[in-house]
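Residues per chain, in single letters:
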Amino acid sequence: MLGCFRPSYRRTKVSKLNSLKILIFILILCVITVNVAVAEWLLIPMEIGAQTNHLKAYGLTYWALEVPREYRCYWWLNYRGGAFVLPDWQDVRIRAALMGVRFEPMNHADYHSIKESILEGSNMDEILLEKAPKIAVYAPSEASPYRDPWDDAVKIALDYAQIPYDEIWDKEVQSGVLETENYDWLHLHHEDFTGQHGKFHAAFSTQVWYQQRMLMFEKASTEAGFRRVAQHKGQTAQMIADYIVNGGFIFAMCSAPETLDIALATLGGAVDIVAPELDGTPIDSDAEARLDFQRTLAFENFSLYTNPYRYEFSDIDNPNPDRDAQSGVEDFKLFEFAAKHDPIPTMLTQNHVSVVPGYLGQTTSFNLDKIRGSVTILGQIEGSNYAKYIHGKLGKGTFTFLGGHDPEDYRHLVGEGKIPTNLDLHKHSPGYRLILNNILFPAARKKPQKT
């Protein structure tokens, strides 16, 4: 059974006084270390062997874009692994030193020489990063009784890179907080928008945590004025789609991409596809025929698996995710795009490797036969009919879907004792870089597409 279970754990606490002394010492050391002649720019290299912490480099760049700094920063696509260029201010150097991010000073002549080679190069480009995106994560708060019993790779990435975000849940979404003036970017993870309680019934129907979770979702749906959980979650799914149409960016992983589209195809839960064991009402006899694929984001013409004892939602997903962790059969290749003509997919695929190690999830990958023709395939499992990483447009906004649950935890078995991924052990994770590409993507000034 795939998923993720978060145990209770405590971080070691240090007294405020000791923390302050340590911080002052580090700051003084950093000031001494970086007190050298200031150049014009700092290059943050991102290729193999040149960067000491690929993941925190994104956090450093995000920090530089935040108010009140709002520094002018650049993303050099396909140059040295997708390097960033930040202004050479002492606070940037200190922040980089504290985060363990390597930089290379560039004077005015160096910057313009490299920039000229990038603009004249066959497949490179310079992208201006204008602002720090306002980020929301669709998840119950840690203090909520609805808290997920698994870890969210994007929250892990955001916390590690020190990028701020808000957590919003069904109540907040349906109250109208999910508007483009409030948030530029929304993340969805191991979520079930279909009202089938994550398809955990076969393995966990006798477990207290699962039973309590079902009751809480039913209570929340009733309080929100819905008869069934599927209608409650379906309303959230529709509001997320509206957010994209109005110019929002979403990034979804694991089961969220699949179940979001299923919920949209069921008209926000109006078509009953949920087995009576889960909601006490029968599945509509004509449910499959009533699916509306014109309403979905990425997938079409899929068939549902409504059996509550089957741990799959539909034939969108890879039907055999039980792979040998050492086999490499889930590894996926990132496609190369023309930086000057297709800057968006180029940004989303920036990496220091071209093949990313595979990993599983409830939705591990996406059946190419079920993907809408207008969707761009960013990464595909080699030798298979399954995409791992896709991107598309809807109205004024975009969506990006990545299969699998955690790029550095291959199987994600549900059970006691699960330890969250420690990114200090995976500072150069190419899978986590894809997540962070998506976080910076809304910061970019988009150039008109060339013809």
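Residues numbered from 1 in each chain as written. Predicted model: local features only at pLDDT ≥ 70, side-chain atom pairs only at ≥ 80, totals over all residues. Heavy atoms only, no water.

(A) The arrangement of the overall build of the protein in detail. Tallying secondary structure elements over the protein gives 14 helices and 15 strands in all. For the protein, the proportion of its 451 residues judged to be buried stands at 57%. In the protein, the proportion of contacts linking residues at least 24 apart, taken out of those at least 6 apart, comes to 77%. Carbon and sulfur atoms make up 52% of the accessible area of the protein, which totals about 19000 Å². (Helix = DSSP H or I, 4+ residues; strand = E, 2+ residues; numbered from the N terminus. Buried < 20%, exposed > 50% of the residue type's maximum accessible area, 1.4 Å probe, protein only. Contact = heavy atoms within 4.5 Å. Areas by Shrake-Rupley, 256 points an atom, 1.4 Å probe, with all protein chains shown as cover.)

(B) Structural view of the sheet that holds strand β5 (residues 125-129). What the five strands build is an open sheet, ordered β4-β1-β3-β2-β5; its pairing is antiparallel. Whereas interior strands pair on both sides, the edge strands pair on one side only; in this sheet they are β4 (104-106) and β5. Averaged over neighbouring strand pairs, the angle between their axes works out to 25° when direction is ignored. Taken together, the four bridges between strand β1 (residues 41-44) and strand β3 (residues 83-87) define a ladder with antiparallel strand orientation. By the bridge assignment for β3, Trp41 is matched with Pro87. (Pairing = 2+ DSSP bridges. Axes fitted to C-alpha atoms, helices over the stretch in contact; angles between N-to-C directions.)

(C) Representation of the pattern of salt bridges. Tallying each qualifying case throughout the model produces 17 salt bridges. Of the charged contacts, one joins Arg80 and Glu104 as a salt bridge, the two residues approaching to 2.9 Å between their closest N and O atoms. Here the residue Arg80 occupies a position in the loop between β2 (73-77) and β3, and Glu104 occupies one in strand β4, the gap between them amounting to 24 residues. Two residues, Arg290 and Asp286, come together in a salt bridge whose shortest N-O distance is 3.9 Å. The exposure class assigned to Asp286 is partly exposed, which follows from its relative accessible area of 36%. Salt bridges sharing partners connect three or more residues here, namely Glu47, Arg80, Arg102 and Glu104. (Salt bridge = Lys/Arg side-chain N within 4 Å of Asp/Glu carboxyl O.)

(D) How the structure looks around empty space enclosed by the protein. Under the defined criterion, the tally for this structure stands at three cavities of 30 Å³ or more. By volume, the largest cavity amounts to about 150 Å³. Forming the boundary of the largest cavity are 15 residues, of which Asp192, His197, Gly198, Arg213 and Phe217 lie nearest the centre. Residue classes in the lining of the largest cavity are distributed as six nonpolar, five polar and four charged. (1 Å grid on protein atoms, 1.4 Å probe; cavity = no way out; pocket = protein on both sides within 12 Å on 5 of 7 lines; lining within 4 Å. Points joined across faces, edges and corners; volume = space filled by probe spheres on them. Nonpolar A, V, L, I, M, F, W, Y, C, P; charged D, E, K, R; others polar.)

(E) Representation of the pairing of strand β9 (residues 249-253) within the structure. Most of β9 sits inside the fold, with five of its five residues counted as buried. Side-chain alternation along β9 places Phe249, Phe251 and Met253 on one buried face and Ile250 and Ala252 on a second face that is also buried. Pairing between strand β8 (residues 185-188) and β9: four bridges, direction parallel. Paired with His187 across the strands is Phe251, a residue of β9. Direction of pairing for β9 relative to strand β15 (residues 397-402): parallel, over a ladder of five bridges. Within β15, the residue paired with Ala252 across the bridge is Phe401.

(F) Spatial organisation of the nonpolar core. Counting 64 residues, the largest nonpolar core has Ile44, Trp75, Leu402 and Ile435 as the members making the most contacts within it. When residues in this core are grouped by element, the largest group, eight residues, is from helix α2 (residues 54-65). Among all residues touching Ile435, those that are not within four sequence positions of it are Ala153, Val154, Ala157, Phe251, Met253, Leu402 and Pro407. Core analysis: the next-biggest nonpolar cluster, separate from the first, contains 55 residues, Leu188, Ala265, Phe302 and Phe399 among them. (Core = buried A, V, L, I, M, F, W, Y, C linked by side-chain atoms within 4.5 Å.)

(G) Layout of the packing of aromatic side chains. Counted according to the given criterion, the structure contains 19 aromatic pairs. Measuring from ring centre to ring centre gives 5.3 Å for Trp75 and Phe84, while their planes differ by 40°; the resulting arrangement is tilted. For Phe84, a relative accessible area of 0% gives the class buried. Arranged with centres 5.2 Å apart and planes meeting at 35°, the rings of Phe399 and Phe401 form a pair that is tilted. (Phe/Tyr/Trp six-rings, centres within 6.5 Å; stacked < 30°, edge-to-face > 60°.)

(H) Structural context of helix α3 (residues 90-99). Residues Val92, Arg93, Ile94, Ala96 and Met99 constitute the buried set of α3. Two residues or fewer after α3 comes Gly100, characterised by a positive phi angle close to 75°.

(I) Molecular detail of the environment of Tyr111. Summarising the element assignment, Tyr111 is placed in helix α4 (residues 108-120). With relative accessibility at 3%, the residue Tyr111 sits in the buried group. In this structure the side chain of Tyr111 is engaged in a polar contact, spanning 3.0 Å, whose partner is the side chain of Glu126. (Polar contact = N/O pair within 3.5 Å; in protein donor to acceptor, adjacent residues only side chain to side chain.)

(J) Focus on the environment of Glu40. Relative to the helices and strands, Glu40 resides in the loop between α1 (16-34) and β1. Residues Glu40 and Ala109, spaced 69 residues apart in sequence, show a C-alpha to C-alpha distance of 9.2 Å. Excluding anything up to four places from it in sequence, Glu40 contacts Pro87, Asp88, Met106, Asn107 and His108.

(K) Region of the structure containing the side chain of Thr259. Among the structural elements, Thr259 can be located in helix α10 (residues 255-265). Within polar-contact distance, the side chain of Thr259 engages the backbone nitrogen of Phe193 at 3.3 Å. Residues in contact with Thr259, not counting those within four places in the same chain, are Glu191, Asp192, Phe193, Thr194 and Phe313.

(L) Focus on the pairing of β2. Taking burial as the measure, the five residues of β2 include five buried ones, the bulk of the element. Side chains of β2 alternate between two faces, with Cys73, Trp75 and Leu77 and Tyr74 and Trp76 buried alike. Where β2 and β5 come together, five bridges link them in antiparallel fashion. Residue Trp76 lies in a different strand from β5, and its bridge partner there is Glu126. Note: β2 against β3, three bridges, orientation antiparallel. Along β3, the bridge assignment pairs Tyr74 with Val85. Remark: five residues form the turn of the hairpin made by β2 and β3, two consecutive strands paired antiparallel; Asn78 in that turn has positive phi of roughly 65°.

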